[in-house]
Amino acid sequence: MIRRRYISTRLLKDGMIIDQSIIDRAGRILIARKTALDPFLIEALQRLSVSGVYIREGEEDPEEESILIPPKVIEAIEKQTVPDRSRLQLSESVKKHVCQGIQFLYANTSSQHFAEAANDISDSLLKAIEENDAIAMDISILKVSDEYTFRHSVDVAAMGMIVARKAGMSSKEIRELGLAGLLHDIGKSKIPPELLNKTGRLSDEEFSIMKKHPFLGYQLLKEKKDIPRSVKLAVLQHHEKISGKGYPFGIKGDQINSYSKIISITDIYDALVTERPYKKAFSQRDAVEMIMAMTDDLDVSAMRSFLDSVILYPVGSTVSLNNGERARVVKNTPGYPLRPKVIGLKTGRVYDLSEDIRCASVIIE
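This structure is a prediction, so every number in the text was calculated from the model and none was measured.

> Summarise the layout of surface pockets; cite the residues concerned and give the values.
Approximately 1,400 Å³ is the volume found for the second largest pocket. For the lining of the second largest pocket, the elements supplying multiple residues, two or more each, are α6 (148-166), α8 (193-196), α9 (204-210) and α12 (258-273). Element by element, the count of residues in the lining of the second largest pocket is highest for α12, at five residues. Grouping the amino acids of the lining of the second largest pocket by side-chain chemistry returns 19 nonpolar, eleven polar and twelve charged.

This is the structure in structure tokens:
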């Protein structure tokens, strides 16, 4: 299966396959998609001040290769392709560092180095976001551990930081929100393991115990002077709902901490798309639709920033439409992750799913 990865131009290497066309202002193709880069082409990209490009990794999809794409369609795809916004990427060394850090936090909640370790992880995530100017997210690249609790905490933190950046928060606020995301489930370290790992449905009594974890997390953090009060409140309130139907206190609206409003969304999203012993994972598409349906419970402004940050169908990927046509994604529109602009591989028809009213009945299956 072909995978696309966005990479800084300065990190390109001889032999890498570019997965987008480089086009000048006159619409001329300077470097065609699927071209193997050499030192001359890499230098040319740097001279053109191209900050980064998509490269191809993996093997071809036989089903996609069986489609004979007419030359005019290929040309239309090349000309109308608009690269996705930069997405968060974590190097293997950063993933290892973050994974070790989060394991330390859950195993050493009373350590005098707890706050230092938590802040160090948040700093690492913020640095990764700022280094590649990430303003979008792809959850599939964030997994840092096979242990659900650790992985979930990092996913919620990293996604929350991207959403916070999109919402216009300052670097200090983004860092604090990341810290809150890392620690939002720290109270589960005080929940019996047999309850956390139960494969079947929780009884009412068991669920009432599980619902204590936000308060338990707050209790663990409240005396730690190096953890900001806003972070402690976010841990306490991340299961509260705008409607007042959340827990542990059933507060609503503006009573809820601004960090909590974002973490609540990324927490729900990550839980939906992750397989657990007691449930199958929802597709990212279904998870986004479910989030969009929760306007009574989730903050609309935070939801809008979340939708602006999600990329479900990366530019260059091939999708199936409900009219039976296969199509290539050429542009994503912020705020409309389910409705990218695509071009039919056989007909060359342009489907601008977010803008063209004639495409209202066309969906990606």
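Next comes the rest of the description.
> So what's going on with the nonpolar core? Which residues, and what values?
In this structure, L183 and Y269 are the most contacted members of the largest nonpolar core, which totals 71 residues. In this structure, M16, L37, I42 and I55 belong to the second largest nonpolar core, which totals twelve residues.

> Any details on the sheet that holds strand β9 (residues 350-352)? Residues and values, ideally.
Ordered in space as β6-β7-β8-β9, the four strands form an open sheet in which the pairing is antiparallel. Of all the strands in the sheet, the pair left with one neighbour each is β6 (318-320) and β9. Here the strands of the sheet are splayed against their neighbours by 35 degrees on average, with no regard to which way each runs. Pairing analysis gives three bridges linking β6 to strand β7 (residues 326-331), with the strands arranged antiparallel. Bridge pairing links T318 to R328 in β7.

> Break down the side chain of H238 for me, citing the residues and quoting the values.
With respect to the helices and strands, the residue H238 is situated in the loop between α11 (229-237) and α12. Ignoring any residue separated from it by four or fewer positions in sequence, one finds H238 in contact with H184, D185, H213, P214, S260, I263, S264 and D267.

> Pulling in residues and values, what's your account of the environment of N197?
The residue N197 is located in the loop between α8 and α9 in this model. When its relative accessible area of 54% is taken as the criterion, N197 is described as exposed. Residues N197 and Y278 lie 81 residues apart in sequence; the distance between their C-alpha atoms is 9.3 Å.

> Please give an account of empty space enclosed by the protein that cites residues and values.
Across all of its chains, the model carries three cavities of 30 Å³ or more by this definition. In this structure, the largest cavity occupies an estimated 70 Å³ of space. In terms of lining, the largest cavity is formed by eleven residues, of which the most central are D19, R33, I77, T81 and G316. Along the lines of polarity and charge, the residues of the lining of the largest cavity split into two nonpolar, four polar and five charged. A per-class count over the lining of the second largest cavity returns three nonpolar, four polar and five charged.

> Tell me about helix α5 (residues 114-131), and please be specific about residues and values.
Between its first and last C-alpha, α5 extends 26 Å over 18 residues, near the 26 Å set by a 1.5 Å rise per residue. F114, A115, A117, A118, N119, I121, S122, S124, L125, L126, A128 and I129 are the residues of α5 that are buried. Looking at the buried positions of α5, the neighbouring elements they touch are α4 (92-107), α6, α7 (171-183) and α10 (213-221). Downstream of α5 by one or two residues, D133 has phi in the positive range, about 50 degrees.

> Give me the lowdown on the packing of aromatic side chains, citing residues and values where you can.
Inspection of every chain in the model, using the stated rule, returns two aromatic pairs. Ring geometry for F207 versus Y247: centroids 6.4 Å apart, planes at 80 degrees, classification edge-to-face. Residue F207 is located in helix α9, and its partner Y247 is located in the loop between α11 and α12; the two are separated by 40 residues in the primary sequence. Residue class for Y247 comes out buried when judged on its relative accessible area of 16%. For the ring pair Y269 and F306, a centre distance of 5.2 Å and an interplane angle of 65 degrees mean the geometry is edge-to-face. Linking Y269 in helix α12 with F306 in helix α14 (residues 300-309), this pair joins segments that are 37 residues apart in sequence. With respect to class, Y269 is no different from F306; both count as buried.

What counts, and where the lines are drawn
Residues numbered from 1 in each chain as written. Predicted model: local features only at pLDDT ≥ 70, side-chain atom pairs only at ≥ 80, totals over all residues. Heavy atoms only, no water. 1 Å grid on protein atoms, 1.4 Å probe; cavity = no way out; pocket = protein on both sides within 12 Å on 5 of 7 lines; lining within 4 Å. Points joined across faces, edges and corners; volume = space filled by probe spheres on them. Helix = DSSP H or I, 4+ residues; strand = E, 2+ residues; numbered from the N terminus. Nonpolar A, V, L, I, M, F, W, Y, C, P; charged D, E, K, R; others polar. Core = buried A, V, L, I, M, F, W, Y, C linked by side-chain atoms within 4.5 Å. Buried < 20%, exposed > 50% of the residue type's maximum accessible area, 1.4 Å probe, protein only. Pairing = 2+ DSSP bridges. Axes fitted to C-alpha atoms, helices over the stretch in contact; angles between N-to-C directions. Contact = heavy atoms within 4.5 Å. Expected span 1.5 Å × (residues − 1). Phe/Tyr/Trp six-rings, centres within 6.5 Å; stacked < 30°, edge-to-face > 60°.

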